[in-house]
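Here are the chains, one letter per residue:
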Amino acid sequence: MIAFDSSGRNLVLADDGEFLVHDGPSEGPRWRRDCKSPLVAVGATTDSVVSVDEDGQAVWHDPQKDVQWATADAGDLARAAAISPSGHVLVATSDGVVELTPSGPGRRHAWPDATVVAWGVGGQLLVADERGKVGVFGPAGLVHEVQVDDPVVAAAWNSRGFWVVATAGKLLRLENGAVHHLTNCPSGLSVRAVACSLAGDAIAMVLGPALVIVLSWPGRDSIGQLRYMDRVVTGVQFGPAPWLAVGLDGGDGNKFDLGNGDLHRTDTHPGREHRRWMVQVSVHPPEPAAAPTHPQAAAQAKPAAAPASASIGTIMLVLVITLAVIGAIAWLFG
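These numbers come from a predicted model, not from an experiment.

A.B. asks: Can you explain the overall build of the protein chain? Please cite residues and give values.
C.D. replies: Along the backbone of the protein chain there are 2 helices and 30 strands. Taking all 334 residues of the protein chain together, 52% fall into the buried category. In the protein chain, once contacts between residues fewer than 6 apart in sequence are set aside, the share between residues at least 24 apart is 45%. Of the accessible surface of the protein chain, which amounts to about 14,400 Å², a share of 53% is contributed by carbon and sulfur atoms.

A.B. asks: How would you explain the sheet that holds strand S19 (residues 170-175) if you had to name every residue and give the values?
C.D. replies: Spatially, 4 strands are ordered S17-S18-S19-S20 in an open sheet, and the strand pairing comes out antiparallel. Two strands in the sheet have a free side with no partner beyond their single neighbour: strand S17 (152-158) and strand S20 (178-184). For this sheet the average axis-to-axis angle between neighbouring strands, irrespective of direction, equals 25°. Sheet topology places S17 next to strand S18 (residues 162-167); 6 bridges connect them, and they run antiparallel. Within the sheet, the bridge partner assigned to alanine 154 lies in S18 and is alanine 166.

A.B. asks: Quick rundown of a negative patch on the surface? Include the residues and the values.
C.D. replies: A surface patch of like charges, here negative, comprises Asp16, Glu54, Asp55 and Asp73. Secondary-structure assignment places glutamate 54 in the loop between strand S6 (49-53) and strand S7 (57-61). Classification of glutamate 54 as partly exposed rests on a relative accessible area of 35%.

A.B. asks: Which residues make up the pairing of strand S22 (residues 202-207), and what are the values?
C.D. replies: The side chains of a regular strand alternate between both faces of the sheet. Of all 6 residues that make up S22, 6 are buried, and the element is covered over most of its length. Burial of S22 is two-sided: the residues Ala202, Ala204 and Val206 facing one way and the residues Ile203, Met205 and Leu207 facing the other way are all buried. Of the pairings in the sheet, the one linking strand S21 (residues 191-196) to S22 comprises 5 bridges and is antiparallel in character. Paired with alanine 195 across the two strands is alanine 204, which belongs to S22. Where S21 folds back on S22, the antiparallel hairpin that results is connected by 5 residues, among which glycine 200 adopts a positive phi of roughly 80°.

A.B. asks: With reference to specific residues and values, describe the nonpolar core.
C.D. replies: Within the largest apolar cluster, 24 residues are counted, with the highest numbers of intra-cluster contacts made by Leu226, Tyr228, Leu244 and Val246. Within the second largest apolar cluster, 18 residues are counted, among which are Leu182, Cys185, Ile203 and Ile213.

A.B. asks: Describe the environment of alanine 241, and please don't skip the residues or the numbers.
C.D. replies: Considering the arrangement of structural elements, one finds alanine 241 in the loop between strand S25 (233-238) and strand S26 (243-248). Residue classification places alanine 241 among the exposed positions, given a relative accessible area of 75%. For the pair alanine 241 and glycine 259, spaced 18 residues apart in the sequence, the C-alpha separation amounts to 8.5 Å.

A.B. asks: With reference to specific residues and values, describe the pairing of S20.
C.D. replies: For S19 and S20, the ladder comprises 6 bridges, and the chain directions are antiparallel. Opposite leucine 172, over in S20, you have histidine 181 as the bridge partner. Hairpin remark: S19 followed by S20, antiparallel, with 2 residues in the connecting loop; positive phi at asparagine 176, about 55°.

A.B. asks: Give me the side chain of serine 197: which residues, what numbers.
C.D. replies: With respect to the helices and strands, serine 197 occurs in the loop between S21 and S22. Residue serine 197 is classed as buried on the basis of its relative accessible area, which comes to 9%. Setting aside anything within four residues of it in sequence, one finds serine 197 in contact with Ser159, Ala202 and Phe238.

A.B. asks: I'd love a proper account of the pattern of salt bridges, names of residues and values included.
C.D. replies: For the structure on display, the rule yields 16 salt bridges. A salt bridge links arginine 131 to aspartate 129, with the nearest nitrogen and oxygen atoms 3.2 Å apart. Residue class for arginine 131 comes out exposed when judged on its relative accessible area of 51%. You can call aspartate 129 buried: its relative accessible area is 1%. Of the charged contacts in the structure, one is a salt bridge between arginine 275 and aspartate 252, with a shortest N-O distance of 3.9 Å. Linking arginine 275 in the loop between strand S28 (263-265) and strand S29 (277-283) with aspartate 252 in strand S27 (residues 252-257), this pair joins segments that are 23 residues apart in sequence. Given a relative accessible area of 4%, aspartate 252 falls into the buried group. Through salt bridges with shared partners, a single ionic network connects Arg231, Asp249, Asp252, Arg265, Glu273 and Arg275.

Calculation criteria
- Residues numbered from 1 in each chain as written.
- Predicted model: local features only at pLDDT ≥ 70, side-chain atom pairs only at ≥ 80, totals over all residues.
- Heavy atoms only, no water.
- Helix = DSSP H or I, 4+ residues; strand = E, 2+ residues; numbered from the N terminus.
- Buried < 20%, exposed > 50% of the residue type's maximum accessible area, 1.4 Å probe, protein only.
- Contact = heavy atoms within 4.5 Å.
- Areas by Shrake-Rupley, 256 points an atom, 1.4 Å probe, with all protein chains shown as cover.
- Pairing = 2+ DSSP bridges.
- Axes fitted to C-alpha atoms, helices over the stretch in contact; angles between N-to-C directions.
- Patch = residues over 30% accessible without salt bridge, like charges linked within 9 Å, V, L, I, M, F, W, Y side chains within 5 Å.
- Salt bridge = Lys/Arg side-chain N within 4 Å of Asp/Glu carboxyl O.
- Lys, Arg positive; Asp, Glu negative; His and termini not counted.
- Charge placed at Lys NZ, Arg CZ, Asp CG, Glu CD.
- Core = buried A, V, L, I, M, F, W, Y, C linked by side-chain atoms within 4.5 Å.

Take a look at the structure:
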């Protein structure tokens, strides 16, 4: 329940039925609205912000002031929803999925009991159900249908040309109709949400109620970790590099700088409770690709000392490091 547009201008959060709009660069509050029903998804583009409630109604708003530009209705209760970077909405209902734009309902795709939806590029979208049935649709209809072993809990498009599909215990890569293993989840924790960076070089996942791990792609090294002591993570979304936005219960949020580990918090809207929280932070940006060198110069070069928080190639060991708080920084937000 967080949205951060690709330009970094608009940052949006939700707290049950409350729609909270912030300035992206400063994290300051702009405006808020009490919606008629609990929200199931929020979205942000460079020039609009979008809310989708559990009744299946999508609303497009002015990002600067509390003005509604357009509404569209799915015609059924929303089981899940996703908003594309262009502001198009995809709503999962008991019968399937329906696309919504400010002009009204668009294409409908039969997919009974859909529980996960995600937008791709070029009009592509993904839909999945609790039985592990996954479908990819294009402008002309169904493109691929696959069956995975476990229920799908989340999905995201990666700009390098594949879908990241999450079950509770692992991440899968779906590419051209073929399913490949991406990584396993640490024992005792379940994946709850996934997101991919705009360049496709990083994948974030929420594990359990309060842990966020960011992996490099294709290396799959841990490049960032956040562990919250007393808050529940409600979602993640990448903005312009190096930022990752993290939504928290109660309508709060963080912006995490994957380049240096800096952490910003959203300012509290007037009239809302001001909360404080503790989070452990670890960051290890991927090393830039080495420029070609003369063989003799390369032989004379000395390798740099590994930092204390250097990543470990498997997510299981990374989790051990996080829990031990090695190389992590504790931040208290006031």
